Each structure stands twice: as structure tokens, then as C-alpha cells.
Protein chains: 2
Amino acid sequence: MSPKSPPTNPSAAETARLPLGFRAGHGACGIKANSALDLALFVSDVPACSAGVFTQNRVVGAPVKVSRTRVGRSTSRAVLMNSGNSNACTGDRGIADAQTMTATVADQLGCEPDDVLVCSTGVIGRFLPIEKITAGIPSLVESLGDSPESMTQAATAMMTTDTFCKTVSREVVINGKTVTVSGAAKGAAMIAPNMATMLSVIMTDAAISLADADRLLRLGVDPSFNCISIDGHTSTSDTVILLANGASGVSLDPETEPLLADLIQQVCTALAQMIIHDAEGADHFVTVDVSGLRTVAEARVIAKAICEGDLVKTAITGNDPNWGRIVSAAGYTGVEFEESDVSLWLNGFPLYQAGTPVPFEKATVSEAMRSGNVHIDLRFTLGEAHCRMWTSDLTAEYVRLNSDYTT
Amino acid sequence: MSPKSPPTNPSAAETARLPLGFRAGHGACGIKANSALDLALFVSDVPACSAGVFTQNRVVGAPVKVSRTRVGRSTSRAVLMNSGNSNACTGDRGIADAQTMTATVADQLGCEPDDVLVCSTGVIGRFLPIEKITAGIPSLVESLGDSPESMTQAATAMMTTDTFCKTVSREVVINGKTVTVSGAAKGAAMIAPNMATMLSVIMTDAAISLADADRLLRLGVDPSFNCISIDGHTSTSDTVILLANGASGVSLDPETEPLLADLIQQVCTALAQMIIHDAEGADHFVTVDVSGLRTVAEARVIAKAICEGDLVKTAITGNDPNWGRIVSAAGYTGVEFEESDVSLWLNGFPLYQAGTPVPFEKATVSEAMRSGNVHIDLRFTLGEAHCRMWTSDLTAEYVRLNSDYTT
């Protein structure tokens, strides 16, 4: 079975509206210099069913430890986020700080601390300036609003090295009622499958139970946030939270489920692609299709090796159709195959067929890569399983950003 | 148990003499432009016991396919190498070309084609200019000599993006007789454990049986060539060959074995360190010690993740003691631990102790990193196993070299 054609380059930024019954706020409390926005708050007016997926790193930030004990156990009212400091590798004090943050917000909103989830992103291993944060929370709560502008400002406050704010909303009309799924995300490096230094909150006004919210979130995250890699570095802070408050009057049932699941997956995919689009220093948006393997796990390990191969990425930077680096990256994954099982297309040009090089005009393929969109299509003859991942190239600018600044 | 202190920065280049009964030759047949050296030949005057270790990539060059059927089965007389083209991903024609190369050398030396091993390094996926190579072999054989200069010229002909030629010799006197182990290697990128786009030939005038040669070579390669990574890309061509011709009159026996095994390991380690020292675009030589794990395999997977983490490497490029990137790289390996099990020293400075950050003077640690030698010493409290690996940093120059040129 042939893989699907690659997507067009996602648009860099969209304006998104909040689903019914949600508000967003923003603030600048001084974690970042120069009064840059560093606090974001997403609130549901009524208790919302929540679900979360978190980093699989063994070293996790204090906010991850706090939020994962709260999410999905009962309803939630709010997600508090700060940028500029990840509150990771900060021991017991980090946990206490994360708890203080949620208690302060709960106090302002008139709910329990357990109703508030928290995420932090930024440099690892520094204590939060907790007094500045608690002092900033009242005005953060005051800023809450339900306009697209409020959503944009809150998403801006989540940014670290991001160059644009990432928000998406999608809607569907079911039995005359509009259901909206909207999301905000941040992330530009320390991005690997399972997942990334990325934070995202997905909000919907559909009514979805706790168990269903968890299931639908995982279905949405698996082919999106779990299929992007910028540098293969799984961070300590990765979090995606789904809040479903039911304000639209539409509930999940066997009839609405395909539509709602698709909507959530669409929002996750658009946000994940925006993260790749904003990859630090990147010049190319790369779609990697690996097909014809015995299992999806095999396809995935090969796609990941290609996405994370520095020699593959630097060849793309140079618009060089150096396909040997791609085929040999597949070869070092440990997946068993013979060279005669493999064929490779690059931006639609066949370069390698059943283990033998295909003569091609290098300048023509290079010109196609220069568009900024690269499609690596590696096909095996061993089965029907396939996987699609997205990555960026590796540029001197990525190196500069990550060596000149402590991020 | 505390790991050993890091080695000093290895010297960039050494002059090496050939063991008794070995000669080396060089030639420029036109694979490379501008009459650059591109053919090397190492010959034992008498049949030598041989052993080889080869890349673990599923996609391997034709010379690997040819040489691994010949090595260690009977004695060998010669190793032919070319640079500028790896003869990998070249299908049946590549195999035929590799066989033609060895047959031409065998004809000149008066031995069987099976007595000749072959290695190629350079760009993947292009057919060799086989007529140029066969035409160049007679003068290659004529150039054979036993001087250190011959060894240096042959090692120079192996180079691709290497900036200096890599030769080492070590000797020991046993019962009044001098035994020499000498080696030549090439490699500067596409370097990962198990192994690298690296070729090496190790020659000794000790008498070692086929089975013992295989065992001693693996003992030498494991903590050296299998413990270096520049970019995590296991190449299609990696080969290390050991030739032992017995010309010194010293044989392997229970008494001499520790000395000879140590000598071989010393030569492998010195050559492996030279490869890291010559890593493309690199500014830092990095020693990674990971200790206190339950098994060596655990220590190894963590050391490898640190060596291959782009965010770790770019922090080193910037002399930034950004230890969160190191600890979080350990965290995403899948090895089970708690943060309280981990402590980290960087160039002797304690930065993280049992899961809690240690206050430190950033400028002081950064200054120590500026020396160009970085020692990452990550200690766990889970067992006694440890592993030492070496890597380089990741610079804008590495990106430039690998995006501007097809290598």
C-alpha cells in the first residue's frame, strides 16, 4: 500500500477562537526580562473533564509531577502555565512552588487547588521566582477574556524560543449545534516523539467523560505530537491537556464520536506541524513516510532514525539529495531488511529502487528541495505497516541558538 | 566506585613505524580530484592471521560484503583501501568492482584474491571508476615501503574529511624481543558506536592464531572504536582489520597475552581518540563517564544518549554548563532511575547532587570548558557498572561541512 501524499506546508499562524465557556488570560510577572509575557491561564467557567499526556522522560519537572496526579481523576477548572523557567530538577522546593502556584490561582477562582493544573517551560534546574509569580496571579485572573485576542495573548505567554504563537480552532455542526475544539501550543526545540518541550492545552465545549477524554486525547496525540522530532531530545516538561466542559450541549456518543475524535486529531496535528514549522533555525519542513514494514513499530523506529539523523538533516539544509544518508540511517536501526527490499523517493523523484541507485539529475531534485518542503518516501516490501513523521533540517542557526543562549 | 580520571587530550598526530615484515603503499588513481592520494595498500610479506570487525548497519558497502567472507577464515596478505567513494548501495556491480580490485592486487603480489581484503570510504551510492583503480594498482604496489613515511602516506590516502593522518605504534619487549603493534585509521564524521565511517588496519609482528586474533581484536575495539560517537550515524563501511604475521618471533601464550592484548587496546584507543579529536568542525573533546548503574549496558545507553544529544553538544560548543540537558538526556533513555539517584560533575565541578541543583559560579565552570576538554561525570547510586565514551561538540562548522558538500 502506497503512503498518502505529503501535506502542504501548514500555515504559520492562525487566529483561533475559544470554545464556549472558556476564557484565557495572560500576564508578565517578571520571570522573563523586559516585561515579556510569561504567565498564561486557561479557565473553564464550569468544571471540565480533563485528560493529560506527559513526557516519558524519567527526569520530569515539578509541574508534571503535580499535574499528573490531578488530571483525569476528577474535573478541572484551569490550566496555569509559565514560560522562562521549567521548574525541573528542582527537588522538593520545586514541588512546593508548583503547589503554591495552583493554590494561588484556586484562591482567585474560588475552587480547590486540585482543580488547577500547572505547566512550566524554560531553562532546567533553576528555582522559580515564586513571589513574583504569586504577585502576578491576581492581574492574570483579571485579564481573563473569551475573545480570539485573549487566546492569542495567552498562547504568546507560553512561548520560549518560539517565533510565532500557535493556536488553532476547528468546529463542526452536529444536530444544529456548533462544537468547537481549540488548542494552543508552544515548542521549537527539545522536541522528540513521546513528546517534546512542548506544552499544549486543547479545549472543547463538547461533553466528554473523563475516560473518553483520556482515550480521545491519546488518539489525537499519537499521530501528531508523538510523530514530530526536531532534535530527538525528549524534554522534562512535555504536557498536553484536554479540557471538555460540555457548554455546546453536544455530548460524545457513538454517533458524534468519529466527528469529535477527528476534530481533536485535526487540532493536535495542526499544532504539531506548527511546532515543526517553527523549529529553531530551520529552513525546511520535512515529511517522512516509511511504508511496507511488518509492523508500525518497525516503520516508526526507521522514521525516527531518519528524522533524528544529523547527516540526513544537514544534507536537507544544503538541498543535497544525498540519499545514501537516508538509506543508511534506516540500516542502523536494527530493523531487519535486505537492501533489495528498499526503494526511496525524494520529493517524488525515484533515487533508489530495490537496492540499486537510479540515475537522476541532481540539480533538478535539489531545486525541488529548495522549495522548503521535503518529502522523504522510503518504501519497503516486507508488509503493509507505515508511519508518517515530521521533522526539520539542522542548520548553523540551530547550533548558534543552542550554543549562544542557555535555553 | 568512582570512574577513572579523564585522559588528557590525545596528541593530534604521531609518526608510527611499521611492525616487522609489513609494508605500506599509496597512490593517486583519480577517484579524487587534483591528484589527491586515494589508494592505500598494507602488505604482510608472509601470510598473516587476520581478524575483522565490521559495521552493524543492515546496509553495507560491497567491500564489507567481500572482506567479511575472507577475513579470519584463512591467512591474509594485504588490505587494499580507497577513499573518495565507499562503493556502498551499488548492487551487484559494486561487488564485482570490489572483487576486481582484490584480484588485481593479488595478481601483482602473486597471491590469491581471497588473500586480499578491501575497504572503501567516501560518498555512498556511486559506482567506482574501476578502470582508474585497476590502472593505478601497479604503481601502488611499486610504492610499497617499510618506513614511517610509507605508513604516513598510506594513512593519508585513507583520509576523506580528516584533517590529519592517524597512525599510532606501540611496542613492548618480551624476552628480549621487541613486539610492535601499529595502526592507521580514518574517520571524522558518520561516527557512532558499532562503529563509524571509519576504517582501520592494525598490524602486529606477534604470532597470533586466527581465533586469538579475533578475540584480541574484539577486546581492543570494544572500549575504543565502539565507544566513540560524533553524530550517531553508523556507517555502511566501518571496518577494523587486524593482521598478525609473527615476524617478531614472539607468540601469543598465557604469559604474553596480557601484554599483547593491552598493546592492541592501546593502539585502538589512541586511534579512536584521534578520530574524535578530528571530528568535523569540532571545538571540544568530550569524555563521558557514566557510573553506578546496574549493568554496563545501562551505563552504555546513557553515555550514548549524552554523546549523541544535539542539545548537550551545542551547550558544550557554547561553553555553557547547562547540566539540565545532560540529566534530561539520561532521563529519556528508558533506563529506570529516580532523580535522587543522580549526581553530575562537569570538569570536576559538582552541579547536581542526588536530584538537587548545587549552586555554582557559571563563569568559572564555563572557563574550564573553554580549555577544549570537557569531562561529563554522571554518577548513579544503583550499582557498580560504568562506561566511558568520547564525543565531540556540534558546531555551525559541522553543519556547514555536511550541508555544503556531498560526503
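Fair warning: this is a prediction, and the values are worked out from it, not measured in the lab. (Residues numbered from 1 in each chain as written. Chains lettered and ligands numbered in written order. Predicted model: local features only at pLDDT ≥ 70, side-chain atom pairs only at ≥ 80, totals over all residues. Heavy atoms only, no water.)

1. What about the overall build of chain A?
The secondary structure content of chain A amounts to 11 helices and 15 strands. Relative to the 2.2 N^0.38 estimate, which gives 22 Å for 407 residues, the radius of gyration of chain A is 22 Å and therefore close to what a compact globule would have. In terms of its C-alpha atoms, chain A occupies a principal-axis envelope of roughly 70 × 55 × 35 Å. Buried residues in chain A amount to 61% of all 407 residues. Restricting the contact set of chain A to residue pairs at least 6 apart, pairs at least 24 apart contribute 81%. Accessible surface, chain A as shown: approximately 13400 Å² in total, 50% of it carbon and sulfur. Charge-centre separation for chain A: the mean point of 29 positive side chains lies 3 Å from the mean point of 44 negative side chains. (Helix = DSSP H or I, 4+ residues; strand = E, 2+ residues; numbered from the N terminus. Rg over C-alpha atoms; globule rule 2.2 N^0.38 Å. Buried < 20%, exposed > 50% of the residue type's maximum accessible area, 1.4 Å probe, protein only. Contact = heavy atoms within 4.5 Å. Areas by Shrake-Rupley, 256 points an atom, 1.4 Å probe, with all protein chains shown as cover. Lys, Arg positive; Asp, Glu negative; His and termini not counted. Charge placed at Lys NZ, Arg CZ, Asp CG, Glu CD.)

2. Quick word on unusual backbone geometry
Residues and elements named next belong to chain A. Here the phi dihedral of Ser 35 falls at roughly 55°; this positive angle occurs in a residue that is not glycine. Its place among the elements puts Ser 35 in the loop between strand E1 (22–27) and strand E2 (39–54). The backbone of Asn 87 sits at a positive phi, close to 50°, despite the residue not being glycine. Structurally, Asn 87 can be placed in the loop between strand E3 (76–85) and helix H2 (91–109).

3. A word on the interface of chain A and chain B
Each side of the interface is counted separately: chain A has 53 residues, and chain B has 53 residues. The junction of chain A with chain B conceals about 4400 Å² of combined surface from both sides, 55% of it contributed by carbon and sulfur atoms. For the pair chain A and chain B, the number of links is 4 salt bridges. In this structure, the salt-bridge partner of B:Lys65 is A:Glu339, at a minimum N-O distance of 3.3 Å. Our count for the chain A to chain B interface comes out at 14 residue pairs in polar contact (both at pLDDT 80 or more). Going through the elements one at a time, helix H8 (310–317), helix H9 (323–331) and helix H11 (396–404) of chain A are the ones with two or more residues in the side of chain A that touches chain B. Take the side of chain A that touches chain B: its biggest share by element is 7 residues, from H9(A). For the side of chain A that touches chain B, the class distribution of residues is 21 nonpolar, 22 polar and 10 charged. (Buried area = accessible area lost by both parts, 1.4 Å probe. Salt bridge = Lys/Arg side-chain N within 4 Å of Asp/Glu carboxyl O. Polar contact = N/O pair within 3.5 Å; in protein donor to acceptor, adjacent residues only side chain to side chain. Nonpolar A, V, L, I, M, F, W, Y, C, P; charged D, E, K, R; others polar.)

4. Details of the side chain of B:Asp341
Residues and elements named next belong to chain B. Examined against the element boundaries, Asp 341 turns out to sit in the loop between helix H9 (323–331) and strand E11 (342–346). Despite its burial, Asp 341 pairs with no opposite charge, the nearest such side chain being Arg 294 at 6.4 Å. Looking at Asp 341, its side chain comes within polar contact range of the main-chain nitrogen of Glu 338, at 2.7 Å. Once residues within four sequence positions are removed from consideration, Asp 341 is found in contact with Arg 379, Phe 380, Thr 381 and Leu 382.

5. Quick look at the sheet that holds strand E15 (residues 385–392) of chain B
Residues and elements named next belong to chain B. Strand order in this open sheet of 7 strands is E8-E15-E10-E14-E11-E12-E13, and the pairing throughout is mixed. Of all strands in the sheet, those bounded by a partner on one side alone are strand E8 (228–229) and strand E13 (356–357). Packing of helix H6 (residues 257–277) onto the sheet brings it into contact with E8, strand E10 (285–293) and E15, and relative to E15 it is tilted by some 45°. (Pairing = 2+ DSSP bridges. Axes fitted to C-alpha atoms, helices over the stretch in contact; angles between N-to-C directions.)

6. Some remarks on the pairing of strand E14 (residues 373–380) of chain B
It is a general feature of regular strands that their side chains alternate between the two faces of the sheet. Residues and elements named next belong to chain B. Of all 8 residues making up E14, 6 are buried, and the element is well covered by its neighbours. As paired strands, E10 and E14 are joined by 7 bridges and run parallel to one another. Its bridge partner being in E14, Asp 289 is matched across the sheet by Asp 377. Across 5 bridges, E11 lies against E14 in antiparallel orientation.

7. Some remarks on the relation of the copies chain A and chain B
Placing chain A over chain B gives an RMSD of 0.0 Å and needs a rotation angle of 180°, together with 0.0 Å of translation along the axis. Considering both components of the superposition, the chain copies are consistent with a two-fold axis. Among all residues of chain A, the minimum C-alpha distance to the rotation axis is found for A:Ala396, at 2.1 Å. Comparing interface residues between copies, 100% of those in chain A also sit at the interface in chain B, which points to an isologous, same-surface contact. (Least-squares fit on C-alpha atoms with pLDDT ≥ 70 in both.)

8. Things to note about the pairing of strand E7 (residues 199–204) of chain A
All names here are of chain A. Buried residues dominate E7, accounting for 6 of its 6 residues. Where burial is concerned, the two faces of E7 agree: the one with Leu 199, Val 201 and Met 203 and the one with Ser 200, Ile 202 and Thr 204 are both buried. Relative to E7, strand E6 (residues 177–186) runs antiparallel, the two being bridged by 6 bridges. Bridging across to E7, Ser 182 finds its partner in Met 203. Both E7 and strand E9 (residues 239–244) contribute to a ladder of 6 bridges, which runs parallel. Each bridged residue has a counterpart across the sheet, and for Leu 199 the counterpart in E9 is Thr 239.

9. Observations regarding the environment of B:Thr180
Residue and element names in this part refer to chain B. On the secondary structure map, Thr 180 appears in strand E6 (residues 177–186). Separated by 68 residues in the primary sequence, Thr 180 and Ser 248 have C-alpha atoms spaced 8.0 Å apart. Those residues in contact with Thr 180, other than ones at most four positions away along the chain, are Arg 17, Pro 19, Ser 169, Arg 170, Glu 171, Met 203, Thr 204 and Asp 205. For Thr 180, the side chain forms a polar contact with the side chain of Arg 17, separated by 2.9 Å.

10. Some points on helix H5 (residues 210–221) of chain A
With 12 residues, H5(A) ought to run about 16 Å at 1.5 Å a step, and its terminal C-alpha atoms sit 16 Å apart, in line with that. Packed against the buried residues of H5(A) are E2, E9 and helix H6 (257–277) of chain A. (Expected span 1.5 Å × (residues − 1).)

11. With respect to the environment of A:Thr364
Residue placement: A:Thr364 occurs in helix H10 (residues 362–369). Residues A:Thr364 and A:Leu271, spaced 93 residues apart in sequence, show a C-alpha to C-alpha distance of 32 Å.

12. As for the sheet that holds strand E15 (residues 385–392) of chain A
All names here are of chain A. An order of E8-E15-E10-E14-E11-E12-E13 is seen for the 7 strands of this open sheet, with the pairing classed as mixed. With one partner strand each, in any of the chains shown, strand E8 (228–229) and strand E13 (356–357) form the two edges of the open sheet. Sheet strands in contact with H6 are E8, strand E10 (285–293) and E15, and its direction is about 45° off that of E15. Sheet strands touched by H9: strand E11 (342–346), strand E12 (349–353), E13 and strand E14 (373–380). Its angle to E11, the strand with the most contacts, is close to 135°.

13. Remarks on the environment of B:Gln108
Residue and element names in this part refer to chain B. Tracing the backbone shows Gln 108 in helix H2 (residues 91–109). Take Gln 108: its relative accessible area is 36%, and that puts it in the partly exposed class. Each C-alpha atom, one on Gln 108 and one on Asp 45, is 13 Å from the other, the two residues being 63 residues apart in sequence. With near-sequence residues (within four places) excluded, Gln 108 lies in contact with Ile 137, Pro 138 and Val 141.

14. Let's talk about the nonpolar core
Here is a general trend for soluble globular proteins: nonpolar side chains tend to be buried in one another's company. By size, the foremost hydrophobic cluster in this structure holds 160 residues, and its most contacted members are A:Ile306, A:Ile376, B:Val290, B:Ile306 and B:Ile376. When residues no more than four places from it in sequence are discounted, the contact partners of B:Ile376 are B:Val286, B:Thr287, B:Val288, B:Asp289, B:Ile306, B:Val312, B:Ile316, B:Ile326, B:Leu344, B:Trp345 and B:Leu346. (Core = buried A, V, L, I, M, F, W, Y, C linked by side-chain atoms within 4.5 Å.)

15. A closer look at the packing of aromatic side chains
All chains considered together, the criterion is met by 4 aromatic pairs over all chains. Here the guanidinium or amino end of A:Arg93 rests over the ring plane of A:Phe127, the centre of that ring lying 4.2 Å away. Between B:Lys166 and the ring centre of B:Phe164, over which it is positioned, the NZ or CZ distance is 4.4 Å. (Phe/Tyr/Trp six-rings, centres within 6.5 Å; stacked < 30°, edge-to-face > 60°. Lys NZ or Arg CZ within 6 Å of the ring centre and 35° of its normal.)

16. A few points about the confidence of the model for chain A
All names here are of chain A. Per-residue confidence for chain A gives a mean pLDDT of 90, with 93% of residues at or over 70. Confidence, expressed as mean pLDDT per element, reaches its minimum in chain A at E8 with 81 and its maximum at E1 with 98. For the stretch residues 1–11, pLDDT sits under 50, and the model shows 25 contacts to residues farther than four places along the chain or on other chains. Overall, residues 192–196 carries pLDDT values under 50, and its contacts beyond four positions in sequence, including any with other chains, amount to 34 contacts. Scoring the predicted complex yields pTM 0.81 and, for the interface, ipTM 0.76. (pLDDT = per-residue confidence, 0-100.)

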